[in-house]
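Architecture and fold: a report
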Amino acid sequence: MGEILIGVALIALGAVIYFQSNDFPALNEVHLDAGSFPKLIAGLLILLSLMLIIKQGLVLMKSKSAGERQGAGERARDFYKEYKLVILTLLVFFVYIFLMQFIGFVVSTIAFIIFTGLLVGSRAKKDIMVITIVSVAITLGTYFFFENFLNVRFPSGIFF
Amino acid sequence: MMDLFILGIAEIFQWRILLIILVGVVVGILAGLIPGFTVAMAIVLTLPLTFGMDPVSGVAAMIGVFVGGMSGGLITAALLGIPGTPSSIATTFDAYPMAQKGEPGKALSIGIWASFLSSIISFLLLVSIAPQISRFALMMGPWEMFSLIVVSLTIIASVTGDSLIKGLIAGLFGILIATVGADPISGISRFSFDLQTLRAGIPFLVVLIGMFAISRLLVSLERKELDKDDAKRAEEKLKDVRFVLRPIHTMLTVLKKPGTLLGSSAIGAIIGAIPGAGGSIANIVAYDQAKKWSKNPEKFGTGCEEGVIASEAGNNSTVGGDLIPTVALGIPGSAVTAVLLSALMVHGITPGPLLIVNEPNIVGGIFFAFLVASFWMLITQFLGMRYFMKVTQVPVQVLVPVILVLCVIGTFVLNNRFTDLYILIVMGFIGYLFTKYNFSLAPAIIGVILGPIAEVNLRRAVMADPEWTLFLTRPISLTFLILAVLSIVFTAWQNYRTNYRLKKNIS
């Protein structure tokens, strides 16, 4: 099922790329302009995605008649249990990146490591200690290394 | 040829660079032995640290990580029976039983020697073959370059992942990612959809960090994986492994099986040189072949010496093989060498057939960094084994956030552009979806790096002569295209045959 959705998404992407490619300003190239190569690739992508969808569709039709069916609610619960951490981590990661420009690299990074560490693993006292020490050491270590040796300016925000 | 060696030796044999390679090897070994932390991830995260160095030291550091990483998986494979990296899956077949039988020291040191000796063999193959190939490649025009990329991508798509269609889709998707941003010939901005973020294009390294590091971390956060990890740790605590490494004795053991060593190294080097196929495939194929050729194949899987030698020789010799197309043609054989090439590009050096002619010191440096890294690997593995083992204890809850932060730093340092971080998270998610649905990531990554080169060569070819049949009438170009078609047809036929057999067995 997932493959079919990916296939549909890829076809949509291919179509967008294909039609956008027509609008590039043409210079005095006679044969291949800026849009030709992406058009070729997008065309191939659409073709292959169609093949994938048909192939998976056949597989799905065969298995549907044979396989037993689970209730939708049960399936959703299993899905959530299995992927809970993946989804939460992605969300936290996004928030971390978003907040970095406002509160600065150092503060947001320390907070992110501690928060994700506690989200993923145990919340025993000893583990909280370990993750806090690690987060401060890693953040300050990389911060000073990059600022001083490679002259990288990290987002500073309101605190630093 | 000689001047390449002299330049290489002069570049590498300086205290500073020798030290850098040593650090690289240690980092690589650590990355290799932590399950869930792959060599590709380690090398991607090393890259930003090398921006401040000159090109040769940067490349030397990364080769150190590469060589160390290939041998690091051995430790977890032998002692715990779980592969530290995908490249040491076959190592668990014999090294683990051998350790269980009370000879963990023997299993480890045989593995180390096999890794070292096979690296040396693949080094010899690399220095003798790469310059010849690049001399040949200098005769190729844009037609041949385009066809070469076509064949590389079809081969990658057919050797990786579980289906040819998915492999090709991944490759095309990679090429499309690379078309975002300025057109390589006329500079017209393409597919930026009026987003400031996309105007400068999607940097290759951001795609790489997202797809290889972030997506891998997300996989390790799934409930199933976490449970597996917990079970493994509980088991691990029961064990208090004690062992003696006997370097000289085991070296003789390995040298007494020259057939297995040479055969597996050759297999590893050849597989390494094929674009897209790397240590994980070579490890298994070398083991399988050694079993077929062995006089007593029934001993394989019970902890026999040949099994350990074959599997470890197979994965370490891919390093040399992998570097052959990278150095000679500018076509990376794996994600790791793709990073190596992009590191060169960061320093303004264009990889390709001209690399040996224009930058002999870098090519010589790559050769000798590989040699030196092999020696460092041997020494640090024997001396540091006891300490390396402790690292497998780092818990997931520390590993995941720390590596995510390192990914963010790596991405940010690359261009000092904040918006790249959003691209990073999107790429990580796409990479995760790809792995979930068995689209292999290697073709996508190689597509990103080869796409622009393919486009430039295609357009140059047509500009030079609008006659498109030249792709089919120039003999080298035609050979490449025929190979591309054959690789697709062959894989399709093979899939059909295995499916047919499966059906037959069922009914």
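Analysis parameters
Here, residues in each chain are numbered from 1, in the same order as that chain's written sequence. Here every chain gets a letter starting at A, and every ligand a number starting at 1, in the order they are written. At least 70 in pLDDT is required for a residue's local features to be given in this predicted model, at least 80 for side-chain atom pairs to be given and counted, and no such filter applies to totals for whole chains, interfaces and linings, which use all residues. Side-chain measures here rest on the full set of heavy atoms in the structure, leaving out hydrogens and waters. Should any heavy atoms of two residues lie within 4.5 Å, those residues are considered in contact. The term buried area means the drop in 1.4 Å probe accessible area that two parts suffer when joined, counted for both and summed. Note on definitions: salt bridges are taken to be side-chain nitrogens of Lys or Arg within 4 Å of carboxyl oxygens of Asp or Glu. Two N or O atoms form a polar contact when they lie within 3.5 Å of each other; inside protein one atom must be a possible hydrogen donor and the other a possible acceptor, and for residues adjacent in sequence the pair counts only when both atoms belong to side chains. UniProt positions are given in the numbering used here, feature names are shortened, and annotations may be inferred rather than shown by experiment. Only runs of H or I of at least four residues qualify as helices and only runs of E of at least two qualify as strands under DSSP, and these elements are numbered from the N terminus. On a scale of 0 to 100, pLDDT captures the predictor's confidence in every residue. Each domain's extent is set by a domain assignment, obtained either automatically or from a database. Helix span, as expected, comes to 1.5 Å for every residue beyond the first. Here the bend at a residue is taken as the angle between two axes, fitted respectively to the seven residues that end there and the seven that start there. Here's how the labels work: a residue is buried when its accessible area is under 20% of the maximum for its type, exposed when over 50%, partly exposed in between, all with a 1.4 Å probe on protein chains only. Geometry is summarised by axes, namely lines fitted to C-alpha atoms with helices restricted to the contacting stretch, and by angles between N-to-C directions that run from 0 to 180 degrees. In what follows, roughly perpendicular refers to angles from 65 to 115 degrees, roughly parallel to angles under 35, roughly antiparallel to angles over 145, and oblique to any angle outside these ranges. Handedness of a crossing is defined here by the sense of rotation of the near helix relative to the far one, left-handed for an anticlockwise turn of less than a right angle and right-handed for a clockwise turn. Ten residues, namely Ala, Val, Leu, Ile, Met, Phe, Trp, Tyr, Cys and Pro, are considered nonpolar, four, namely Asp, Glu, Lys and Arg, are considered charged, and the remaining ones, Gly among them, are considered polar. For Phe, Tyr and Trp, rings pair up if their centres lie within 6.5 Å, where Trp contributes its six-membered ring, and each pair is then called stacked (planes under 30 degrees apart), edge-to-face (over 60) or tilted (otherwise). In this description, a nonpolar core means a group of buried Ala, Val, Leu, Ile, Met, Phe, Trp, Tyr and Cys residues linked to one another through side-chain atoms lying within 4.5 Å.

A look at the interface of chain B and chain A
Note: interface size is frequently given as the accessible area lost on complex formation between the parts. Counting from both sides, the interface comprises 60 residues of chain B and, opposite them, 65 residues of chain A. Both faces combined, the contact of chain B with chain A buries some 5,700 Å², and carbon together with sulfur accounts for 83% of it. On the chain B side of the interface with chain A, the three residues burying the most area are Leu176, Phe191 and Gln397 of chain B, jointly 12% of the side's total. Applying the counting rule to chain B against chain A returns 1 salt bridge. Close ionic contact of glutamate 3 of chain A with lysine 166 of chain B constitutes a salt bridge, the shortest N to O distance being 2.8 Å. Counting across the chain B and chain A interface gives 4 residue pairs in polar contact (both at pLDDT 80 or more).

Here's the deal with the UniProt feature "transmembrane region" (unreviewed entry) in chain A
Residue and element names in this part refer to chain A. The residues that UniProt annotates with the feature "transmembrane region" (unreviewed entry) are residues 40-61, 105-121 and 128-146. Along residues 40-61, the helical share is 100% and the strand share 0%, with 32 Å between the first and last C-alpha atoms. For residues 105-121, the helix share is 94%, the strand share is 0%, and the end-to-end C-alpha distance is 24 Å.

Remarks on the confidence of the model for chain B
Looking at chain B as a whole, its pLDDT mean stands at 85, while 97% of the residues score no less than 70. The secondary structure element of chain B with the lowest average pLDDT is helix H11 (residues 223-238) of chain B, at 69, and the one with the highest is helix H21 (residues 420-436) of chain B, at 92.

Things to note about the domain arrangement of chain A
Assigned domains within chain A: domain 1 (2-66) and domain 2 (74-149). Relative to domain 2 of chain A, the C-alpha centre of domain 1 of chain A lies at a distance of 37 Å.

Section: helix H6 (residues 104-137) of chain B
With 34 residues, H6 of chain B ought to run about 50 Å at 1.5 Å a step, and its terminal C-alpha atoms sit 47 Å apart, in line with that. The largest bend in H6 of chain B comes to about 25°, at isoleucine 129 of chain B, with the proline proline 131 of chain B one to four residues further on.

Describing the confidence of the model for chain A
Segments scoring low in pLDDT should not have their predicted coordinates read at a detailed level. Averaged over all residues, the pLDDT of chain A is 84; the fraction at 70 or higher stands at 89%. Confidence scores differ between elements of chain A, with helix H2 (residues 36-66) of chain A showing the lowest mean pLDDT of 86 and helix H4 (residues 105-120) of chain A the highest of 91.

Let's talk about the pattern of salt bridges
Residue and element names in this part refer to chain B. Applying the stated rule across the entire model yields 11 salt bridges over all chains. Of the charged contacts, one joins aspartate 54 and arginine 16 as a salt bridge, the two residues approaching to 3.2 Å between their closest N and O atoms. Taken together, the residues aspartate 54 in the loop between helix H3 (39-46) and helix H4 (55-80) and arginine 16 in helix H2 (residues 15-33) connect sequence positions 38 residues apart. With a relative accessible area of 32%, aspartate 54 lands in the partly exposed category. For arginine 16, a relative accessible area of 45% corresponds to the partly exposed category. Lysine 106 is the salt-bridge partner of glutamate 305, the closest N and O atoms lying 3.0 Å from each other. With glutamate 305 in helix H15 (residues 305-316) and lysine 106 in helix H6, the pair connects residues that are 199 residues apart, well separated along the chain. Given the relative accessible area of 25%, lysine 106 is considered partly exposed. One network of salt bridges, with partners in common, ties together Asp183, Arg190, Glu455 and Arg459.

Brief notes about the packing of H4 of chain B against helix H5 (residues 91-100) of chain B
Residues and elements named next belong to chain B. Their axes nearest at 6 Å, the elements H4 and H5 cross at an angle of 50°. It follows from the interaxial angle that H4 and H5 lie oblique. In terms of crossing hand, the pair formed by H4 and H5 is right-handed. In this structure, H4 uses Leu74, Ala77, Ala78, Leu79 and Leu80 to contact H5, whose residues at the interface are Thr91, Thr92, Ala95, Tyr96 and Ala99. A per-class count over the contact of H4 with H5 returns 8 nonpolar, 2 polar and no charged.

Brief notes about the packing of aromatic side chains
Think of a pair of aromatic rings as described by two things: how far the centres are apart, and how the planes are tilted against each other in angle. Residue and element names in this part refer to chain A. Counted according to the given criterion, the structure contains 28 aromatic pairs over all chains. On the basis of an interplanar angle of 25° and a centroid distance of 5.9 Å, the ring pair of tyrosine 143 and phenylalanine 154 is categorised as stacked. Here tyrosine 143 is found in helix H5 (residues 125-149), whereas its partner phenylalanine 154 is found in the segment after H5, with 11 residues between them in sequence. By relative accessible area, which is 14% here, tyrosine 143 ends up buried. Considering the side-chain rings of phenylalanine 145 and phenylalanine 146, the 5.3 Å spacing of their centres and the 90° angle between planes classify their relative orientation as edge-to-face.

Description of the nonpolar core
Formed by 205 residues in total, the largest nonpolar core has its most connected members in Phe93 and Tyr96 of chain A together with Ile12, Ile21, Ile63, Phe367 and Leu424 of chain B. Here this core takes 16 residues from helix H19 (residues 360-390) of chain B, the largest share from any one element. Each of domain 1 (2-66) and domain 2 (74-149) of chain A contributes no fewer than three residues to this core. Apart from residues no more than four positions distant in its own chain, tyrosine 96 of chain A is found in contact with Phe105, Ser108, Thr109 and Phe112 of chain A together with Val405 and Val408 of chain B. Counting residues in hydrophobic clusters, the runner-up holds 6 residues, among them Ala90, Ala290, Cys304 and Ala310 of chain B.

A short note on the side chain of threonine 109 of chain A
Within the secondary structure layout, threonine 109 of chain A lies in helix H4. The class for threonine 109 of chain A is buried, based on a relative accessible area of 0%. Apart from residues no more than four positions distant in its own chain, threonine 109 of chain A is found in contact with Tyr96 and Thr139 of chain A together with Val405 of chain B.

Things to note about the environment of isoleucine 366 of chain B
All names here are of chain B. Mapped onto the fold, isoleucine 366 is located in helix H19. In this structure isoleucine 366 comes out as buried when scored by relative accessible area, which is 2%. As a C-alpha pair, isoleucine 366 and serine 57 span 309 residues in sequence and 9.6 Å in three-dimensional space. Setting aside its immediate chain neighbours within four residues, isoleucine 366 contacts Val59, Ile63, Leu323 and Val327.

So, the packing of H5 of chain B against H6 of chain B
Packed helices, taken two at a time, are described by the angle between their axes plus the distance between the axes. All names here are of chain B. Closest axis-to-axis distance for the H5/H6 pair is 7 Å, and the angle between their directions is 150°. It follows that H5 is roughly antiparallel to H6 by the angle criterion. Every residue of H6 that contacts H5 at Ala95, Met98 and Ala99 is listed here: Pro104, Lys106, Ala107 and Ile110. Across the contact of H5 with H6, the residue classes tally to 6 nonpolar, no polar and 1 charged.

Topic: unusual backbone geometry
Residues and elements named next belong to chain B. In this structure, asparagine 416 is a non-glycine residue whose phi angle is positive, near 60°. Relative to the assigned elements, asparagine 416 resides in the loop between helix H20 (396-415) and H21. Since its relative accessible area comes to 39%, asparagine 416 is described here as partly exposed. Despite not being glycine, asparagine 438 has its phi angle at roughly 60°, a positive value. Take asparagine 438: it is sitting in the loop between H21 and helix H22 (441-464).

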